[in-house]
Each structure stands twice: as structure tokens, then as C-alpha cells.
Amino acid sequence: MAIKIIVAGPRGRMGKEAVHMIHNTEDFALTACLDHKNEGMKLSDLEAFQDDLNVPVYTDIEKCFSEQQADVFVDLTVPEAAYKHTKAALNHQIRPVIGTTGYTEEQLEELKQLAKEKQTGCIIAPNFAVGAVLMMKFAKMAASYFPDVEIIEKHHDQKLDAPSGTAKKTAELIQEARSPKKQGHPDEEETIPGARGGDFDGMRIHSMRLPGLVAHQEIVFGSAGQTLTIQHDSMNRASFMDGVKECVYQVMDMDELIYGLENIL
Ligand SMILES: NC(=O)C1=CN([C@@H]2O[C@H](COP(=O)(O)OP(=O)(O)OC[C@H]3O[C@@H](n4cnc5c(N)ncnc54)[C@H](O)[C@@H]3O)[C@@H](O)[C@H]2O)C=CC1
Ligand SMILES: O=C(O)C1=N[C@H](C(=O)O)C[C@H](O)C1
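Predicted model only: the values in this text are computed from it and were never measured.

> When you look at the overall build of the protein chain in this model, what are you seeing that I'm missing?
When helices and strands are tallied, the protein chain shows seven helices and twelve strands. Its C-alpha atoms give the protein chain a radius of gyration of 20 Å, near enough to 18 Å, the size a compact globule of 265 residues would have. The principal-axis extents of the C-alpha atoms in the protein chain amount to approximately 60 × 40 × 30 Å. In the protein chain, buried positions account for 38% of the 265 residues. Here the contacts in the protein chain between residues at least 6 apart in sequence split such that 70% fall between residues at least 24 apart.

> Help me understand the sheet that holds strand β12 (residues 257–259), please; the structure alone is not making it clear to me.
To summarise the sheet geometry, strands pair through backbone hydrogen bonds and adopt either a parallel or an antiparallel arrangement. In spatial order, the strands read β3-β2-β1-β4-β5-β6-β12; together these seven strands make up an open sheet with parallel pairing. The open sheet has two edge strands with one neighbour each: β3 (57–58) and β12. Across the sheet, helix α7 (residues 241–251) touches β1 (3–8), β2 (28–34), β4 (72–75), β5 (95–98) and β6 (122–124), and the angle it forms with β5 is around 160 degrees.

> Please clarify how the sheet that holds strand β9 (residues 203–209) should be interpreted in this entry.
On the basis of which strands lie adjacent, the open sheet formed by five strands has the order β8-β9-β7-β10-β11 and mixed pairing. With partners counted over all chains shown, the strands left at the sheet margins are β8 (198–200) and β11 (226–234), one partner each. If you compare each strand with its neighbour and ignore which way they point, the axes differ by 20 degrees on average. As judged from the six bridges shared by strand β7 (residues 149–155) and β9, these two strands associate in the parallel manner. Considered in β9, the bridge of E153 is made with S207.

> Please explain the site of ligand 1 as it appears in this structure.
Close to ligand 1 lie 25 residues, the nearest being G9, G12, M14, A81 and G99. In terms of residue count, the dominant contributor to the shell around ligand 1 is helix α1 (residues 13–23) (three residues). Of the residues in the shell around ligand 1, the class split is ten nonpolar, eleven polar and four charged.

> Just checking my understanding: could you explain the UniProt feature "domain: Dihydrodipicolinate reductase C-terminal" (unreviewed entry) in the protein chain for this structure?
Mapped onto the present numbering, the UniProt feature "domain: Dihydrodipicolinate reductase C-terminal" (unreviewed entry) falls at residues 131–265. In residues 131–265, the share of helix is 27% and the share of strand is 28%. The end C-alpha atoms are 11 Å apart.

> For this particular structure, what's the right way to read the pairing of β5?
Sheet faces and side chains relate simply in a regular strand, where the side chains alternate between the two faces. On β5, burial covers both faces: R95 and V97 on one face and P96 and I98 on the other are all buried. Here β4 runs beside β5; their pairing, made up of four bridges, is parallel. Bridging across to β5, F73 finds its partner in P96. Of the crossover connections in this fold, the one passing from β4 over helix α3 (residues 79–91) to the parallel β5 is right-handed. Pairing of β5 with β6, which is carried by two bridges, proceeds in the parallel orientation. Note that in β6 the partner of I98 across the bridge is I124.

> Mind showing me how you'd approach α3 here?
Since there are 3.6 residues in each turn of an α-helix, residues three or four apart along the chain are aligned in direction. Along its 13 residues, α3 runs 18 Å from first to last C-alpha, staying within 8% of the 18 Å computed at 1.5 Å per residue. Along α3, the residues that are buried comprise A82, Y83, H85, T86, A89 and L90. Buried residues in α3, looked at end-on, bunch into an arc of 165 degrees, giving them a common side. Note on α3: the residue one or two positions beyond its end, Q93, has a positive phi of about 55 degrees.

> Explain the site of ligand 2 to me, please; I cannot follow it from the model alone.
Contacts to ligand 2 come from T101, P126, N127, H155, K159, S164, G165, T166 and A215. Of the residues that constitute the shell around ligand 2, the class distribution is two nonpolar, six polar and one charged.

> Sorry if this is basic, but what is going on with the environment of S44 here?
Structurally, S44 can be placed in the loop between β2 and β3. Given 13 C-beta atoms within 10 Å, S44 falls into the partly exposed group. Each C-alpha atom of the pair S44 and A32 lies 11 Å from the other, and the pair is twelve residues apart in sequence. Leave out the neighbours within four places in its chain, and S44 touches F49, Q50, D51, L53 and N54.

Cut-offs used in this document
- Residues numbered from 1 in each chain as written.
- Chains lettered and ligands numbered in written order.
- Predicted model: local features only at pLDDT ≥ 70, side-chain atom pairs only at ≥ 80, totals over all residues.
- Helix = DSSP H or I, 4+ residues; strand = E, 2+ residues; numbered from the N terminus.
- Rg over C-alpha atoms; globule rule 2.2 N^0.38 Å.
- Buried ≥ 20, exposed ≤ 12 C-beta atoms within 10 Å, placed from the backbone.
- Contact = placed C-beta atoms within 7 Å.
- Pairing = 2+ DSSP bridges.
- Axes fitted to C-alpha atoms, helices over the stretch in contact; angles between N-to-C directions.
- Near = placed C-beta within 6 Å.
- Nonpolar A, V, L, I, M, F, W, Y, C, P; charged D, E, K, R; others polar.
- UniProt positions renumbered as here; feature names shortened; annotations may be inferred.
- Right-handed = clockwise from strand over helix to strand, strands pointing away.
- Expected span 1.5 Å × (residues − 1).
- Arc of directions from axis to C-beta.

Here's what the structure looks like:
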């Protein structure tokens, strides 16, 4: 039987790609979408969706989850909405697969507890691209040899959160492998505020936003006489879809929350 899926944010850059991936995957069935407008319409009534995507669009999450039987809920929206959606999905025991970035540590912890209580699988993945997950794993490996590191993430200029979820997750994984270290000269001063980037446990994260970019990250390690750069580039949003697909399959057999694809790949 097909896995029944609800998608939040279907008109967005990622949401559109996910809707089409689900529609074109034999094992999956799109049952409804959640938007912040277009209540009562069919997805096929909206521009950019073909006629056979005649699933209902809801703006009220409780109504959506009560009326539509679903196995999995995919969220690609904005952090405040995604947090509320994830809680509602867990309360309805519909397994969330969350790509939206920008969750706080407290929110992650609260959702982890809720997933446990409801014995419902949940995956929160700051990056669904397999290459990006490998980049993060390689960075964690390198960090035990090279404690000095800076992260440069580059995204399209429509991105709302900075640093990216991927950069934060990368920094967290590096933090697990290295002893805390405040990098740079102890007396360094910023003559333009922010010039040294964001400070995460002493390592710096730099966020670049430009039209023309999609999603890119470099992790640069340095030690005496050498540097090591680990780089990943997503050229388009198709790069994320194999990861979304894998999460939908895997979350069906889970009963707890996993944060980051590196835990299941
Ligand atoms: N995990 C991953 O691999 C990836 C994650 N992302 C993340 O996914 C999220 C979405 O990214 P994009 O598609 O580029 O953004 P976008 O701005 O193109 O799309 C977001 C969509 O969410 C909708 N939305 C806003 N509030 C809503 C609500 N309350 N209910 C339902 N829909 C609502 C908007 O109308 C919009 O269509 C971001 O947080 C981004 O960081 C993006 C790419 C890959
Ligand atoms: O907003 C994006 O585009 C992306 N967001 C995710 C993030 O914040 O890391 C994943 C990817 O980098 C694309």
C-alpha cells in the first residue's frame, strides 16, 4: 500500500519539488497540502501544478490532520510554522519529516520528548542532500586532527535564516570532535561589526547571500603550513529529493526523533 503523505509549503521552492517527487514515486500518495492561503482549493487549481494533482489544500492544520488519513507529514516552510506543525503532527501520530531549518535547541529537545511520548518517528534534517551529509561527516573526522576551522556557507538571497541549518549542524558535529577553542588572535578587533562572522564555540561561521547561488558550503581547516577544504554544492533542488524519499521510507519504521541524516544513512 502507498505511503500517504501531506506536504506543508507546496508553493515554495522545495515544496514544489517535493510535491512532484511524491507524485512521481509509485510507493507514495500525496493526500493533501498545507498552505497559509488557498483553503478549500485543490492543488491543481494553483499555478505550476498539473491537473492530476487534485488534492485538497488546507490552511488549518487540525482540520487537515483530522480529515485526512496520512502516514507522513513533510514540512518545507518557515521555522515558526514548522515547529507548530511538527507538534501537531506528533500529537496526531503522523510521522514528521522536516526539512525546514531554524529550530532552536529548546524546540528540538521538546519535540524529541514529544516523539518519545507518542512513540512516533520523526526526522528533522537540516540537509537532505547525501553529499552534504558526507561533507559533515568528513568535517567531524577532520576536526579531531585540525581544531582550527571556519565554515563558509553560500545561499540564494531569498533565504531567511542565517547561518544555514547545515552550517549549524556542521559546527555541532565539529564541536563533538574537538576541544573548545577560541580561534584567531586573542587581541583581534572587528573594525566592521560582523567581519569575523558568527561565533559558535570559538569557531567562525560566515554566511554569503547572492542571487545565482543555490546551496553551497566550504569547511576550511588550517594548521601549520597547510589547509584542508571540504566543499559541497547543491546545483538545484533535485539534489535534496533522494534524501526526502529515504526519510519517508525510514520514518515509517521509527518511534523516536532523529536530528540529522547522518544518524540514519
Ligand atoms: N533540509 C533541506 O535539505 C533543505 C531545507 N530547506 C529549508 O526549507 C525551508 C523552505 O525553503 P524554500 O522552499 O527555499 O523556501 P520558500 O520561501 O520558497 O518556501 C516556503 C513556503 O512555505 C510557505 N509557508 C509559509 N508559512 C506557512 C504556513 N504557516 N503554513 C504553510 N505554508 C507556509 C510559503 O508560502 C512558501 O511557499 C527553509 O527553512 C529552508 O532552509 C531548503 C532546502 C533544502
Ligand atoms: O534555504 C535553503 O535553500 C537551504 N536550506 C538548508 C539549510 O539551511 O542548511 C539546506 C540547504 O543548505 C538549502
